[in-house]
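# Structural overview for review
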Amino acid sequence: MKKFKVLILSFSLLSIQFMNAQSKESNKFYASTELNIGNYLGWELDVNFVTKKQNTLKIGFLNLLRGSDDDEALLYYDLYQSYQICFGKIYELNPKETVRANLSVGLGSTFVDARRSVSLIINPKIEFPFTRFFGLTFSPMLQLNKHSSYYGIGIGCVIGALRD
């Protein structure tokens, strides 16, 4: 597990260095936070890097809960946490650049009730950057792993350098 975290951190730092070597005017960096509702309930926090060619790198953390299946343990919850790294591409959906699709897939280091595993993440997002620095997001998500998969929808906001 430690090696996986070091690998993600190393790759992230290399990606940031690669993106900084390009034109700073066209690269974008923003954060997003979402409320996630599905077979679990919780929140997600991400940082997003967008290159001048609209390629994306997302690094994030997902924290989810759901009621336990154990009838005798009414106050217990199943915990689902995931550290994520995803790659994708942004496609503008209108000429004003106020609606766009951010299609991404990636891997996660997932912790489900004291069991760790690697997850495949499929997370297309529809982003509404209303201004250059603020917008809303709507995103279905699917995380597949051998212990317990997550499926649901996230609704949240994005803040940062969203568009020119």
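Here is a short report on the structure shown in this document.

Quick notes on the rules
Along each chain, numbering runs from 1 in the same order as the chain's sequence is written. Totals for whole chains, interfaces and linings use every residue, but because this is a predicted model, local features are given only for residues with pLDDT of at least 70 and side-chain atom pairs only at 80 or more, for both listing and counting. By convention in this description, side-chain values take in all heavy atoms of the structure and omit both hydrogens and water. When a carboxyl oxygen of Asp or Glu lies within 4 Å of a side-chain nitrogen of Lys or Arg, that pair is called a salt bridge. Numbering of helices and strands runs from the N terminus, with a helix taken as a DSSP run of H or I at least four residues long and a strand as a DSSP run of E at least two residues long. Accessible area is worked out with a 1.4 Å probe on protein chains only. A residue is then buried under 20% of its type maximum, exposed over 50%, and partly exposed in between. Here a strand pair is declared whenever DSSP counts at least two bridges between the two strands. Polar contacts, as counted here, are pairs of nitrogen or oxygen atoms within 3.5 Å of one another; within protein the pair requires one atom able to donate a hydrogen and one able to accept it, and residues that are adjacent in sequence qualify only if both atoms are side-chain atoms. Residue contacts are defined here by distance: any two heavy atoms, one from each residue, within 4.5 Å place the two residues in contact.

A separate point is the pattern of salt bridges. Counting across every chain of the model gives five salt bridges. As a salt-bridge pair, E127 and R100 come within 2.7 Å of each other at their nearest N and O atoms. One end of the pair, E127, is in strand β7 (residues 125-128); the other, R100, is in strand β5 (residues 100-112), and 27 residues separate them in sequence. In this structure, E127 and R100 share a single accessibility class: buried. By sharing partners, the salt bridges in this structure join E34, D46 and K125 into a single network.

Across 13 bridges, the pairing between strand β4 (residues 77-92) and β5 is antiparallel. Looking at the pairing, G88 lines up with S104 of β5. Two elements, β5 and strand β6 (residues 115-122), share eight bridges in a ladder whose sense is antiparallel. Counted as the bridge partner of V112 is R115 from β6.

Turning our eyes to something else, we now look at the pairing of β6. The turn joining β5 and β6, which pair antiparallel and follow one another in sequence, is formed by two residues; a positive phi near 45° is taken by D113. Strand direction decides the pairing type here: β6 and strand β8 (residues 134-144), joined by three bridges, are antiparallel. Bridge assignment links L120 to a residue of β8, and that residue is L144.

Given the relative accessible area of 2%, E127 is considered buried. There is a polar contact of 2.9 Å between the side chain of E127 and the side chain of Y30. Here R100 takes part through its side chain, which lies 2.7 Å from a polar atom of the side chain of E127. Once residues lying within four places of it in the same chain are set aside, the contact partners of E127 are Y30, I90, T98, V99, R100, N102, L136 and T137.

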